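# Reading the structure
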Amino acid sequence: MGEFEVHRVRLFAFLPAGVRCLSANPPARLAAGHLDGSVKIYNLQANSFQEKVIAGHETRIPEALCWAGGDRLFGVGLSGEIVEYDLEKLRVRYALDAFGGPLWSMATDPTGSQLAVGCEDGSIKLFCILPEKIQFERSLDRQKGRILSLFWHPSGARIAAGSIDFIRVFDVKSGHAVQRLLVDRHLTGSHTRECIVWSVAFLSDGTIVSADSSGKVQFWDSEMGTLLQTSVVSSSAVLSLAASEAEDSIVVGTSEGSVYQFQLLPVKAGSAVRQWVRTKPFQHHTHDVRAVVHMATALISGGLDGQLVIRPLMEKVESRSYEAAVRKVTFPHRCLVSCARKARLLLFQHPQHLELWKLGATRAVGGDGETLPVSSPPEHLLQLKNKGPEHLRSSCISPCGTWIAYSTASRLCLYRVQLAGERLALQKIPKLPKVACAAQQLLFSADSTRLFVASDRGSVHVLKLLQSGAWKHLHTLQPSSESTEAALLLAVSADGSWLAVASGSGQVSVFDLQKAKPHCVVPAYSCPVTALAIHPVTNSLVVAHSDQQVFEFSIPEKAYTPWSRKVQQQGLHRDWLERDTPITHIAFHPQRADQILLHDTHMFCLLDKALPLPEDTAVLCNQPSLKQLSQTARRSSAHAFKICKKYQPLLFVDLLDEKSLVVVERPVMHIKAQLPPPVFQKKFGT
């Protein structure tokens, strides 16, 4: 791998936002609403990749998400608005006031043509889904107490609504409540304490399943209004509930971080009588499990600890190896760190502010594995706060460290940074072009003279930056296809001749910057792009995909390189393909043209194209064993993948020069220390 001086950085206080709600659109898509107002779309058929991110908003924190009308996503929150999200431009398409106070719950009818919204004032409002908007239709009978949970019967004729102490069944046609179920609160130890029905499910046979704050999961006969079965699963609250499509399995999440599965099983072998039985407990979370989803082959849960856990159902998985592994998504599948290599600066992107740090330095020299004393410590230079309720979409710092840019859903901000000794001067550049305001992605050229602004409509605006602090809009690059999906990733060549753009549709376009025209389109691939970069010498585009495949495309030749074709013919190592976190950054060795640096959350890899690819029988991560061999044996056993797992979890890795490497870590224990205390649980022996 070679020797590097590693700057081990733990200055980025990244804190994942808790998961508030989940909504699945089988078989591929999952939407997760977070407590910072952001919405993340996962592609479950592409290695559970975090395909799209809609930036958060201080006043629009989703309490419930719902897919309807095909691929349209709606959300409600305590702001009292119904929001439809634009999944192409990755922003809010429109917001409509429901005039019922804060909104707690939402459900769609089986046909996907109507939305039911549960309001603070006790009403359930029905909205008709039209091609371009939604339209208020009518309200069901108003009840006492807020409507905290909703579920539409598969027939579409009735709605079950959970509130405080009661579950009500409404007839959709008449709008009247036809059944009222009183929830038993005695198990809480207090007869006067309210029992909150956090979640309900309405099965096709008329059974209503409820999860409440007293820790019970209860099964009700909606026709007779009687309690069929009660199961106490927690000493605190059961917060979430979801049923499988076949209605033979139910998953619930509790405030203790536990997830339980219930299955409808025969009371004895060969019997036709079946009963709900609690079968499997899972403990993957440390805090409240506020949302669960029951897919055909997996249980998905999201908690206040910021984790999204995907646990395959063993009886549904054919292969008992990679497909049966539990997946935990804690860290973002995109890069939140920007590096100014020449100035040795790091820019960290938080939801509402940016932090600028200068790397430390050492004068000492040491051997392999030694920790060197710091002669000058890292320095916190700047905290740049964003104004307004919108969270940051993208940010970057120029390679020379003199420009900083960031964007929200409606604003683009550009600053000039002047650092002289211990003094820092910050100048905001005024009157930026309005066409570049809705920026989805930002990138500076290698010489720091141009800023590339990728819009949420697929085009890229090129701004020329002058030393005086002025700017000039050079031109707008339009994609050759008719796709209007937002541009998600950018890569520019070192000589400033080429720009590669990856859109939300998965298309990768290459532009000729000298002619300001499209040059070519990389052949389409079935999985989303996770990272891309252009080689500074050969101008070859290296692209990583969510299924862990790596391609090298020659931009001048408009074709895949011989090395890339060799990789596709031989195939990558099985252990490489079975990694569950995507490549989020690609860099190149400044002196060795054959070496590519890639990293995900758990490792970084120096890929040497001059060495042979490993066979499946070889050990992929063989660096520790190679150190014990002689030079001759080491040379014969070496392969192209040089992997290091010493530093993790990784948020960013980059080469500062041919001998220096910067590594940004965020230990999980540091994240847990910043979370609120979980529900206290008495443990044996304490």
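Report on the accompanying structure. (Residues numbered from 1 in each chain as written. Predicted model: local features only at pLDDT ≥ 70, side-chain atom pairs only at ≥ 80, totals over all residues. Heavy atoms only, no water.)

What follows concerns the overall build of the chain. Per the secondary structure count, the chain includes five helices and 55 strands. Against the globule reference of 26 Å for 686 residues, the chain gives a C-alpha radius of gyration of 27 Å, in line with a compact fold. Projected onto its principal axes, the C-alpha positions of the chain cover 80 × 60 × 50 Å. Each of the 686 residues in the chain was classed as buried or not, and the buried ones make up 56%. Considering only contacts in the chain between residues 6 or more positions apart, those separated by 24 or more positions represent 49%. (Helix = DSSP H or I, 4+ residues; strand = E, 2+ residues; numbered from the N terminus. Rg over C-alpha atoms; globule rule 2.2 N^0.38 Å. Buried < 20%, exposed > 50% of the residue type's maximum accessible area, 1.4 Å probe, protein only. Contact = heavy atoms within 4.5 Å.)

All right, on to the sheet that holds strand 39 (residues 450-455) then. If you trace the four strands from one edge of the open sheet to the other, you get 38-39-40-41, paired in antiparallel fashion. This sheet does not close on itself; its edge strands, each paired only once, are strand 38 (439-444) and strand 41 (471-477). If you compare each strand with its neighbour and ignore which way they point, the axes differ by 20° on average. (Pairing = 2+ DSSP bridges. Axes fitted to C-alpha atoms, helices over the stretch in contact; angles between N-to-C directions.)

A few words on the pattern of salt bridges. When the charged atoms of two side chains lie near each other, side chains of opposite charge can form a pair. Scanning the entire structure with this criterion turns up 18 salt bridges. A salt bridge links Glu485 to Lys52; the shortest N-O distance between them is 3.1 Å. Of this pair, Glu485 sits in the loop between strand 41 and strand 42 (487-492) while Lys52 sits in strand 5 (residues 49-54), and the two are 433 residues apart along the sequence. With a relative accessible area of 13%, Glu485 lands in the buried category. Residue classification places Lys52 among the buried positions, given a relative accessible area of 4%. With its nearest N and O atoms 3.2 Å apart, the salt bridge here joins Arg93 to Glu84. Accessibility expressed as a relative area gives 39% for Arg93, which makes it partly exposed. (Salt bridge = Lys/Arg side-chain N within 4 Å of Asp/Glu carboxyl O.)

Moving on to the side chain of His34. Inspection of the secondary structure assignment puts His34 in strand 3 (residues 29-34). Residue contacts for His34: discarding those within four places in its chain leaves Ala17, Gly18, Val19, Arg20, Lys40, Ile61 and Pro62.

Mapped onto the fold, Asp86 is located in strand 8 (residues 81-86). You can call Asp86 buried: its relative accessible area is 7%. In this structure the side chain of Asp86 is engaged in a polar contact, spanning 3.0 Å, whose partner is the backbone nitrogen of Glu88. Polar contacts involving the side chain of Asp86 include one to the main-chain amide nitrogen of Lys89, which spans 3.1 Å. Beyond its immediate chain neighbours, meaning those up to four positions away, Asp86 contacts Ile54, Arg91 and Arg93. (Polar contact = N/O pair within 3.5 Å; in protein donor to acceptor, adjacent residues only side chain to side chain.)

Time to look at the packing of aromatic side chains. Scanning all chains against the criterion turns up 12 aromatic pairs. Aromatic side chains Phe219 and Trp276 sit 5.4 Å apart centroid to centroid with 15° between the ring planes, which places their arrangement in the stacked category. Of this pair, Phe219 sits in strand 20 (residues 216-221) while Trp276 sits in strand 25 (residues 274-282), and the two are 57 residues apart along the sequence. Of the two residues examined, Phe219 and Trp276, each falls in the buried class. With centroids separated by 4.9 Å and ring planes inclined at 50°, the aromatic side chains of Trp576 and Phe641 adopt a geometry described as tilted. Of this pair, Trp576 sits in helix 2 (residues 574-577) while Phe641 sits in strand 53 (residues 641-644), placing them 65 residues apart in sequence. Phe641 matches Trp576 in its accessibility class, with the two residues each being buried. (Phe/Tyr/Trp six-rings, centres within 6.5 Å; stacked < 30°, edge-to-face > 60°.)

Before going further, it helps to spend a moment on the environment of Met603. Structurally, Met603 is set in the loop between strand 51 (595-599) and strand 52 (604-608). With a relative accessible area of 3%, Met603 lands in the buried category. Expressed as a C-alpha distance, the spacing of Met603 and Thr254, which sit 349 residues apart in the sequence, is 33 Å. Aside from chain neighbours lying at most four places away, what touches Met603 is Trp576, Arg579, Ile583, Leu598, Ile643, Cys644, Lys645 and Leu650.

Turning our eyes to something else, we now look at a negative patch on the surface. A surface patch of negative charge is lined by Asp575, Glu578, Glu615 and Asp616. With respect to the helices and strands, the residue Asp616 is situated in the loop between strand 52 and helix 3 (623-626). (Patch = residues over 30% accessible without salt bridge, like charges linked within 9 Å, V, L, I, M, F, W, Y side chains within 5 Å. Areas by Shrake-Rupley, 256 points an atom, 1.4 Å probe, with all protein chains shown as cover. Lys, Arg positive; Asp, Glu negative; His and termini not counted. Charge placed at Lys NZ, Arg CZ, Asp CG, Glu CD.)

It is worth spelling out the state of the cysteines at this point. The full count for this structure, using the stated rule, is zero disulfides. Its sulfur unpaired, Cys339 is 9.8 Å from the next cysteine sulfur, which belongs to Cys335. (Disulfide = S-S within 2.5 Å.)

For Gly162, the location among the structural elements is in strand 15 (residues 158-162). As a C-alpha pair, Gly162 and Thr362 span 200 residues in sequence and 62 Å in three-dimensional space. Among all residues touching Gly162, those that are not within four sequence positions of it are Arg146, Ile147, Leu148, Ser149, Val197 and Val200.

For the rest of this paragraph, the subject is the nonpolar core. In summary, soluble globular proteins display a tendency toward joint burial of nonpolar side chains. Trp576, Ile583, Ile586, Leu607 and Phe641 are the most contacted members of the largest nonpolar core, which has 22 residues in total. Discounting residues that sit within four places of it in the chain, Phe641 has contacts with Leu572, Trp576, Cys605, Leu606, Leu607, Leu613, Pro614, Leu620, Asn622 and Gln623. Ranked by size, the runner-up nonpolar core spans 17 residues in total, among them Val9, Leu336, Trp357 and Val664. (Core = buried A, V, L, I, M, F, W, Y, C linked by side-chain atoms within 4.5 Å.)

Let's shift gears to the sheet that holds strand 14 (residues 149-152). The pairing of strands in a sheet happens through backbone hydrogen bonds and is either parallel or antiparallel. Spatially, four strands are ordered 14-15-16-17 in an open sheet, and the strand pairing comes out antiparallel. Looking at which strands have only one partner, the edges of the open sheet turn out to be strand 14 and strand 17 (177-182). Sheet twist, expressed as the average angle between the axes of neighbouring strands with direction ignored, equals 15°. Note: strand 16 (residues 166-171) against strand 17, five bridges, orientation antiparallel. Within the sheet, the bridge partner assigned to Arg168 lies in strand 17 and is Arg180.

Residues Pro26 and Pro27 are joined by a peptide bond in cis, for which omega reads 5°. Within the fold, Pro27 resides in the loop between strand 2 (19-25) and strand 3. A cis amide bond, omega -5°, links Gln648 with the succeeding residue Pro649. Residue placement: Pro649 occurs in the loop between strand 53 and strand 54 (650-657). With phi around 55°, Leu90 is a residue other than glycine that occupies positive phi space. Backbone geometry places Gln548, a non-glycine residue, at a positive phi of 75°. Inspection of the secondary structure puts Gln548 in the loop between strand 47 (540-545) and strand 48 (550-554). Since its relative accessible area comes to 1%, Gln548 is described here as buried.

A word on the environment of Cys520. Secondary-structure assignment places Cys520 in strand 45 (residues 517-521). Overall, Cys520 belongs to the buried group, its relative accessible area being 14%. In the structure, Cys520 is positioned 67 residues away from Val453 in sequence and 20 Å away in space, judged by C-alpha atoms. The residues touching Cys520, leaving out its near neighbours within four places in the chain, are Ser509, Val510, Phe553 and Lys558.

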